[in-house]
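Reading the structure
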Amino acid sequence: MIVCVPSIGRSPYLPDLLTVLLTDPEVDEVHLQDNSGLPESPALARATSSPLAAVLIEEAFDTGRLLLRRYEASIYDAWNWSIRVANDTEQTLAVLNDDIVLTHGSLEVAESVIPQGWALVGLNYRAPAHLVDRTMPVLEVSGTYRLGGFGGFAFVLAPGAPLVDSRFQWWFGDDDLAERLKAEGKRLGVHLGAPVDHPEPSLTGNSEPWTQKAAGEDTVLFRSLWPSAP
């Protein structure tokens, strides 16, 4: 499994997230993607503020398991870059916001059902406790968090996923991905036994002045692309 973690270096949850990912034997490669300058990356500085994460990150850089990349334009450039890598290598891809709290084992449980015909499996942000349970079912959904479906902040994609329209700035990229998958006749679900927590939704972006303007523009773009979408 490859994991894409876009970041602007503000989330206090990033060190713990990378600690979970880099101690997970199912994770082959982590793409830490920063929209700021490199090599002086705010995301890397935030991540290495934890001594344990710093040690794991150094080791992962040495083995090539962790890649630090600057993404251009919007967060969906980061998604698309990792989607291409995963598709080229025929691997599953997890897309995770840097402001989530990830339970050990959740990714493995979500990935385990991909061979059953799911194109996208979201982690369960409504789980009552951080207990992984592979015996729980996958709830089929028609879209994103906006529709009571998967959270765009934590999901796993099967190989062969389409790219998100690169014109989206901050909003609706996950909805665009959902509609593209459905247009291909593919199934979306949420694994009820794969918990995740998103304690401060949009912590990394909604405080920026430009996001409200982007919300309006992204809404118009989504409706122009998918006029029949819910």
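Quick caveat: nothing in here was measured; it's all calculated off a predicted structure.

Our focus in this paragraph is the packing of aromatic side chains. Counting across every chain of the model gives seven aromatic pairs. Considering the side-chain rings of tyrosine 125 and tyrosine 145, the 5.1 Å spacing of their centres and the 50° angle between planes classify their relative orientation as tilted. Residue tyrosine 125 is located in the loop between strand 6 (118–124) and strand 7 (138–141), and its partner tyrosine 145 is located in the loop between strand 7 and strand 8 (154–157); the two are separated by 20 residues in the primary sequence. Assessed through its relative accessible area of 16%, tyrosine 125 is described here as buried. One aromatic cluster is present, formed by Tyr76, Trp79, Phe150 and Phe155 through successive ring pairs. Over the ring of tryptophan 118 we find arginine 187, and its NZ or CZ is 3.8 Å from the ring centre.

Attention shifts here to helix 3 (residues 51–63). Spanning 13 residues, helix 3 covers 19 Å between terminal C-alpha atoms, matching the ideal 18 Å at 1.5 Å per step. Listed as buried for helix 3 are Ala53, Leu56, Ile57 and Ala60. Buried positions in helix 3, seen along its axis, are confined to an arc of 105° and lie on one side of it. Across helix 3 from its buried face, at more than 90 degrees, point the exposed residues Pro51, Glu58 and Asp62. Close packing links the buried residues of helix 3 with helix 1 (14–22), helix 2 (42–47) and strand 3 (66–70). Glycine 64 occupies a position one or two residues after helix 3 and carries a positive phi of about 80°.

If you trace the backbone, glutamate 59 turns up in helix 3. Residues glutamate 59 and proline 227 lie 168 residues apart in sequence; the distance between their C-alpha atoms is 48 Å.

With respect to the helices, strands and loops of the structure, threonine 92 is situated in the loop between helix 4 (75–89) and strand 4 (93–96). Separated by 2.5 Å, the side chains of threonine 92 and glutamate 111 make a polar contact. Each residue touching threonine 92, except ones within four places of it in the same chain, is listed here: Met1, Ile2, Ala86, Glu111, Ile114, Val156, Leu157 and Pro159.

Judged by nonpolar contacts, the single largest core of 40 residues is most densely connected at Val3, Leu21, Leu96, Leu102, Leu107 and Leu123. Per-element accounting of this core gives the leading share, six residues, to helix 1. Apart from the residues within four sequence positions on either side, leucine 123 is in contact with Leu102, Ser106, Leu107, Ala110, Ala154, Phe155, Val156, Val190, His191, Ala194, Pro195 and Val196. Of all hydrophobic cores here, the second largest spans 32 residues; its members include Trp79, Leu157, Ala161 and Ala178.

The rules behind each value
Residues numbered from 1 in each chain as written. Predicted model: local features only at pLDDT ≥ 70, side-chain atom pairs only at ≥ 80, totals over all residues. Heavy atoms only, no water. Phe/Tyr/Trp six-rings, centres within 6.5 Å; stacked < 30°, edge-to-face > 60°. Helix = DSSP H or I, 4+ residues; strand = E, 2+ residues; numbered from the N terminus. Buried < 20%, exposed > 50% of the residue type's maximum accessible area, 1.4 Å probe, protein only. Lys NZ or Arg CZ within 6 Å of the ring centre and 35° of its normal. Expected span 1.5 Å × (residues − 1). Arc of directions from axis to C-beta. Contact = heavy atoms within 4.5 Å. Polar contact = N/O pair within 3.5 Å; in protein donor to acceptor, adjacent residues only side chain to side chain. Core = buried A, V, L, I, M, F, W, Y, C linked by side-chain atoms within 4.5 Å.

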